[in-house]
Amino acid sequence: EQAAEAAQEQVVEDVQTETAKGSHLRGYQCQMCGAEIVTDETTAATRCYFCHSPVVLHDRLDDDFRPDGVIPFQLDKETAEKQFMDYISKKKFVDRGFFNGAQLEMFSGVYYPYWCGDFAGEATFDGTGQRVTTTSTPREIITTTSYYHVCRKGNVSVRNLMRNALKSANRKLSDGVAPYRLDEIKPFAAGYLSGFLAEKRDVEEDNVRQEMLQEVYGYA
């Protein structure tokens, strides 16, 4: 108990120190054990460091930041841990630290925020086509070049174009797990976050809109 109290006091002191430095860390009190929980500005759900109880930070998910939908996890922790251990146990050079209990205690699903957009529009193309034919005779080779007008027009529709909405996320890793099963999206409810880690967005729509439009132009 003394060690836990000392650790808790150190956490509180660290929070106060970071706050004094102008950082974005915030402290919350666990409703189960009373310990101070330290999070950064994008954390929306976490666990208590001391009693490991799930904590959903509802004030981080106000109307402006509440997602429209969520894809719920379909594996429980025990199944995910088993699949993970089965995978790394076949690797020859995995560090032993991956197998210790403390490492597995940190094993958790994480909800990441994404922007998802649908785009629709018209595309037109106007240009000059060219066709070249070559024929041979006993005395000469004849090359004929035909030019013709090309005009094309059609509708372009792109659905579920996604962009990461968290600055701190590794873009290569987060994009590497896509595509998600977007047909399994459920209307958002805070209960889905309980027991998992979750981050709220810190990238706004205007910051990704132009990049997404450029990708759609490429498809067109």
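Structure: above.
All values reported here derive from a predicted model rather than from experimental measurement.

Engineer: What am I meant to see in the packing of aromatic side chains here?
Structural biologist: Any pair of aromatic rings gets described here by the distance separating the centres and the angle formed by the planes. Taken as a whole, this structure holds four aromatic pairs when the rule is applied. Considering the side-chain rings of phenylalanine 73 and phenylalanine 196, the 4.6 Å spacing of their centres and the 15 degrees angle between planes classify their relative orientation as stacked. With a gap of 123 residues between them, phenylalanine 73 in the loop between β5 (69-70) and α2 (77-88) and phenylalanine 196 in the loop between β9 (186-187) and β10 (197-199) connect regions that are remote in the sequence. Phenylalanine 73 gets classed as partly exposed once you look at its relative accessible area, which sits at 38%. Ring centres of tyrosine 114 and tyrosine 180 lie 5.4 Å apart, and the angle between their planes is 65 degrees; on these two criteria the pair is classed as edge-to-face. Within this pair, whereas tyrosine 114 is found in strand β7 (residues 114-136), its partner tyrosine 180 is found in the loop between α4 (171-176) and β9, the two being separated by 66 residues in sequence. Overall, the relative accessible area of 30% leaves tyrosine 180 in the partly exposed class. Here a set of aromatic residues connected by ring pairs shows up, and it is made of Phe73, Tyr111 and Phe196.

Engineer: Looking at this structure, how should I read the pairing of β7?
Structural biologist: For a regular strand, side-chain orientation follows a simple rule: the groups alternate between the two sheet faces. Pairing of β7 with strand β8 (residues 141-164) involves 22 bridges; the strand directions are antiparallel. Opposite glycine 121, over in β8, you have valine 156 as the bridge partner. A loop of four residues connects β7 with β8, the two strands running antiparallel in sequence.

Engineer: What's the story with unusual backbone geometry in this structure? I'm lost.
Structural biologist: Among all residues except glycine, the phi angle is most often negative; among peptide bonds, the trans geometry is most common. If you check the backbone angles, asparagine 160 has positive phi at about 60 degrees while not being a glycine. Here asparagine 160 is to be found in strand β8.

Engineer: Please explain helix α5 (residues 205-219) as it appears in this structure.
Structural biologist: Residues three or four positions apart in an α-helix share a direction because the helix packs 3.6 residues into each turn. For α5, built from 15 residues, the straight-helix expectation of 21 Å at 1.5 Å per residue is met to within 8% by its first-to-last C-alpha distance of 21 Å. Those residues of α5 lying buried are Val208, Met212 and Val216. All buried residues of α5 lie within an arc of 80 degrees about the axis, which places them on one face of the element. Those residues of α5 that are exposed and angled more than 90 degrees off the buried face are Asp206, Asn207, Tyr217 and Gly218. Against β7 and β8 lie the buried residues of α5.

Definitions and limits used
- Residues numbered from 1 in each chain as written.
- Predicted model: local features only at pLDDT ≥ 70, side-chain atom pairs only at ≥ 80, totals over all residues.
- Heavy atoms only, no water.
- Phe/Tyr/Trp six-rings, centres within 6.5 Å; stacked < 30°, edge-to-face > 60°.
- Helix = DSSP H or I, 4+ residues; strand = E, 2+ residues; numbered from the N terminus.
- Buried < 20%, exposed > 50% of the residue type's maximum accessible area, 1.4 Å probe, protein only.
- Pairing = 2+ DSSP bridges.
- Expected span 1.5 Å × (residues − 1).
- Arc of directions from axis to C-beta.
- Contact = heavy atoms within 4.5 Å.

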